[in-house]
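Per-entry structural report
One-letter residues, chain by chain:
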Amino acid sequence: SVDGNKNVYPFHNGRACAADIVEAISSFAALVGGLEGAAFDCYGNDQACGQAISKTVACLLIGVGDVIAAADDCEPPGGNPPYINVEHDIPVQGFFCWSDIFQVATMAIQASEFVEVALSTCAPTPTGGSAAPTPTRSLGGAFLGATLSAPDNSTSL
């Protein structure tokens, strides 16, 4: 029903809700990464920085989703078997638990690889207290009384 499962207070399953939200955000991050890759493949526009960052976010969120899944699949600390519905096979449920944990580790490793790519491809932002260099030549035009200028990069052939 629209109101959710009324046998579960407050009429929804919190883990399922969290898993759906995390999955939606991670899917969006993966979509952004795919679009960044398509921008390079189709138009030659280098988007490695944005792609690495969005893939990092996607990997981390997939790992969070696997932690949520592990909360359902793994026996709680101090739990007495069978802790789950009798319709489940306990050894298979244990395999799913280890699978979720291994997937979290795998996603953390992949995220760290994307972080390394992002660190090598993203332009560093200036952190010093020095002022910007003084422009040397005017580009013409004015905006609110200010003249746009840029350094002289002309070369003679």
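Refer to the structure printed above.
A short tour of the structure in this document, coming up.

Structurally, S26 is set in helix α1 (residues 14–43). Residues in contact with S26, not counting those within four places in the same chain, are A58, L61 and I62.

This brings us to the state of the cysteines. Counted by the stated rule, this structure contains 1 disulfide. Across a sulfur-sulfur distance of 1.8 Å, C49 and C122 are joined as a disulfide pair. Classification of the bridge connecting C49 and C122 rests on its S-S torsion, roughly 100°, and on that basis the disulfide is right-handed. Taken together, the residues span a long stretch of sequence, with C49 in helix α2 (residues 48–73) and C122 in the loop between α3 (90–121) and β1 (137–143) at a distance of 73 residues.

On to α2. If you check α2, its first and last C-alpha atoms are 36 Å apart, about what 26 residues at 1.5 Å a residue would give, namely 38 Å. When we look at burial in α2, the residues that qualify are A52, S54, T56, A58, C59, L61, G63, D66, I68, A70 and D73.

What follows covers the packing of aromatic side chains. For the coordinates displayed, the defined rule picks out 1 aromatic pair. Between the aromatic rings of F95 and F96, the centroid separation amounts to 6.2 Å while the plane-to-plane angle is 55°, which identifies the pairing as tilted. Assessed through its relative accessible area of 56%, F95 is described here as exposed.

Attention now moves to the packing of α1 against α2. Relative orientation of the contacting elements α1 and α2 amounts to 160°, with a least axis distance of 8 Å. It follows that α1 is roughly antiparallel to α2 by the angle criterion. Where α1 crosses over α2, the handedness of that crossing is left-handed. Within the contact of α1 with α2, the residues separate by chemical class into 14 nonpolar, 8 polar and 4 charged.

So, how was this worked out
Residues numbered from 1 in each chain as written. Predicted model: local features only at pLDDT ≥ 70, side-chain atom pairs only at ≥ 80, totals over all residues. Heavy atoms only, no water. Helix = DSSP H or I, 4+ residues; strand = E, 2+ residues; numbered from the N terminus. Contact = heavy atoms within 4.5 Å. Disulfide = S-S within 2.5 Å. Expected span 1.5 Å × (residues − 1). Buried < 20%, exposed > 50% of the residue type's maximum accessible area, 1.4 Å probe, protein only. Phe/Tyr/Trp six-rings, centres within 6.5 Å; stacked < 30°, edge-to-face > 60°. Axes fitted to C-alpha atoms, helices over the stretch in contact; angles between N-to-C directions. Parallel < 35°, antiparallel > 145°, perpendicular 65-115°, else oblique. Left-handed = near helix turned anticlockwise from the far one by under 90°. Nonpolar A, V, L, I, M, F, W, Y, C, P; charged D, E, K, R; others polar.

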